[in-house]
Amino acid sequence: MKVVKVKNNEQLSISARDIIMDVVHSYDKPILGLATGSTPEKTYRFLVEKYMSGEISFKDVTSFNLDEYVGLAPTNPFSYRHYMNKHLFGKVNMKQENIHIPDGLAEDLETECKRFEQTIKDVGPIHLQVLGVGLNGHIGFNEPGTPFDSRTHVAQLTESTREVNSRFFDSIDEVPKEALTMGIGTIMEAEQIVLLVQGDHKKDILKQIINGEVSEDVPATVLQNHPHAVVITDIDL
Ligand code: F6R
């Protein structure tokens, strides 16, 4: 696992943007795996700027998002679909039919997970998966204890994750208890992975990810086993 240390969030976002641009320019039909959350916000902003200046087109890009809350409609401002529309999809020339996010409103969630997983199999492999990490080491919504060979599934959010994510909601009571998420096995099939770790509050988890024992107790440690995983961080170790 390669670790790239940058000065600050600005540099982290520029590095992530450039990796994404490289992939988009390297394939006729690039396939991106995307994350939400605070960490990639600036990366998306910088990508939009490059789109506006004509340096990148999303015309032929297909995307798969990692996860979505159960029970939130795409129009709900707290849904990940809404986040992606706001920060990227609504501002670039992505084709609607090439955007894939698990449907948290699906009547049958298990079937929806199978459908999402099958679509990745049919269209994929994902060329580049962008990841953030939770304080407890989760990637996507794969909380500690999730098997490394898991596929897209319904995940129960831990109380700590609900608490951390409540900053995006009006109150913790509004944070859903379940989400649909790509599994760890699904994520590991991406050809290349870039993990963005921003902010000193993530120092402990970053240390475990880089030097800790590979263990299902800390999901992101699985990335040590990926042949093309890069960690970009602004944290001094
Ligand atoms: C989001 C996701 C999560 C976040 C993680 C870090 O789609 O899959 O795993 O990447 O919770 O979130 P932030 O960036 O808000 O610290």
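One can find the structure itself at the top, above this paragraph.
Residues numbered from 1 in each chain as written. Predicted model: local features only at pLDDT ≥ 70, side-chain atom pairs only at ≥ 80, totals over all residues. Heavy atoms only, no water.

**Student:** What is the right way to read unusual backbone geometry from this model?
**Tutor:** With the exception of glycine, the majority of residues adopt a negative phi angle, and the majority of peptide bonds are in the trans configuration. Residue Pro125 is reached from Gly124 by a cis peptide bond, and omega for that bond is 10°. Turning to its location among the elements, Pro125 is positioned in the loop between α4 (109–123) and β6 (128–131). (Helix = DSSP H or I, 4+ residues; strand = E, 2+ residues; numbered from the N terminus.)

**Student:** How do you make sense of the packing of aromatic side chains when you look at a structure like this?
**Tutor:** How two aromatic rings sit relative to each other is given by the distance of their centres and the angle of their planes. Taken as a whole and judged by the stated rule, the model has eight aromatic pairs. Both rings, one in Tyr69 and one in Tyr80, keep their centres 4.8 Å apart while their planes meet at 45°; by these two values the pair is tilted. Highlighted residues: Tyr69 in strand β4 (residues 67–69) and Tyr80 in helix α3 (residues 80–87), separated in sequence by eleven residues. The same class applies to Tyr69 as to Tyr80, namely buried. Taking the centre distance of 6.0 Å and the plane angle of 5° together, the rings of Tyr80 and Phe141 count as stacked. One end of the pair, Tyr80, is in helix α3; the other, Phe141, is in the loop between β6 and β7 (153–156), with 61 residues separating them in the sequence. For the residue pair Tyr80 and Phe141, the accessibility class agrees, reading buried in each case. Ring pairing ties together the aromatic residues Tyr69, Phe78, Tyr80, Phe141 and Phe169, which thus form one cluster. (Phe/Tyr/Trp six-rings, centres within 6.5 Å; stacked < 30°, edge-to-face > 60°. Buried < 20%, exposed > 50% of the residue type's maximum accessible area, 1.4 Å probe, protein only.)

**Student:** Explanation requested: the site of the ligand in the structure shown.
**Tutor:** In the neighbourhood of the ligand, 15 residues make up the surrounding shell, with Thr39, Asp67, His138, Gly140 and Lys202 lying closest. Note that an oxygen atom of the ligand is positioned 2.6 Å from one of the side-chain N or O atoms of Asp67. Within the complex, 94% of the 410 Å² of free accessible area of the ligand lies under protein. Each residue belonging to the shell around the ligand can be placed in one class, and the counts come to four nonpolar, eight polar and three charged. (Near = heavy atom within 4 Å. Polar contact = N/O pair within 3.5 Å; in protein donor to acceptor, adjacent residues only side chain to side chain. Areas by Shrake-Rupley, 256 points an atom, 1.4 Å probe, with all protein chains shown as cover. Nonpolar A, V, L, I, M, F, W, Y, C, P; charged D, E, K, R; others polar.)

**Student:** What is the right way to look at the sheet that holds strand β10 (residues 229–233) in this model?
**Tutor:** The pairing of strands in a sheet happens through backbone hydrogen bonds and is either parallel or antiparallel. A sheet is described by the order of its strands in space; here seven strands give the open sequence β1-β10-β9-β6-β2-β3-β5, paired in parallel fashion. The open sheet terminates on both sides in strands that have one partner only, identified here as β1 (2–5) and β5 (99–100). (Pairing = 2+ DSSP bridges.)

**Student:** Sorry if this is basic, but what is going on with the side chain of Asp234 here?
**Tutor:** Along the chain, Asp234 falls in the segment after β10. One buried charged side chain, Asp234, makes no salt bridge at all; its nearest oppositely charged neighbour is Lys5, positioned 6.7 Å away. Reaching out from Asp234, the side chain makes a polar contact with the side chain of Gln198 at a distance of 2.9 Å. Those residues in contact with Asp234 that sit more than four places away from it in its chain are Lys5, Val6, Lys7, Asn8, Asn9, Leu12, Val197, Gln198 and Gly199. (Lys, Arg positive; Asp, Glu negative; His and termini not counted. Salt bridge = Lys/Arg side-chain N within 4 Å of Asp/Glu carboxyl O. Contact = heavy atoms within 4.5 Å.)

**Student:** Just to check I follow, could you spell out the environment of Thr62 for this structure?
**Tutor:** Position of Thr62 relative to the elements: it lies in strand β3 (residues 62–65). Remark: the alpha-carbon pair of Thr62 and Ala190, spanning 128 residues in sequence, is separated by 14 Å. Every residue in contact with Thr62, bar those within four places of it in the chain, is listed here: Pro30, Ile31, Leu32, Asn98, His100 and Val123.

**Student:** Would you explain the sheet that holds strand β8 (residues 178–181) in this entry?
**Tutor:** On the basis of which strands lie adjacent, the open sheet formed by three strands has the order β4-β8-β7 and antiparallel pairing. A single partner strand is all that each edge strand has here, and the edge strands are β4 and β7. Adjacent strand axes in the sheet meet at a mean angle of 30° when their direction is disregarded. Bridging between β7 and β8 involves four bridges; their strand directions are antiparallel. When the sheet's bridge partners are listed, Gln156 is paired in β8 with Glu178. (Axes fitted to C-alpha atoms, helices over the stretch in contact; angles between N-to-C directions.)

**Student:** Sorry, what's going on with helix α7 (residues 203–211) here?
**Tutor:** Each α-helix winds once per 3.6 residues, and so residues spaced three or four apart point in a common direction. What α7 keeps buried is the set Ile205, Leu206, Ile209 and Ile210. Along α7, the residues classed as buried sweep out an arc of 130° about the axis, all on the same side. Residues of α7 that are exposed and point more than 90 degrees away from the buried face comprise Asp204 and Asn211. (Arc of directions from axis to C-beta.)

**Student:** It is not clear to me how the packing of helix α2 (residues 41–52) against α3 should be interpreted in this structure. Could you clarify?
**Tutor:** Packed helices, taken two at a time, are described by the angle between their axes plus the distance between the axes. Direction vectors running N to C along α2 and α3 enclose 40°, while the axes themselves pass 9 Å from each other. Considering their axes alone, α2 and α3 lie oblique with respect to each other. For the pair α2 and α3, the contacting residues are Glu41, Tyr44 and Val48 in the first and Tyr83, Met84 and His87 in the second. (Parallel < 35°, antiparallel > 145°, perpendicular 65-115°, else oblique.)

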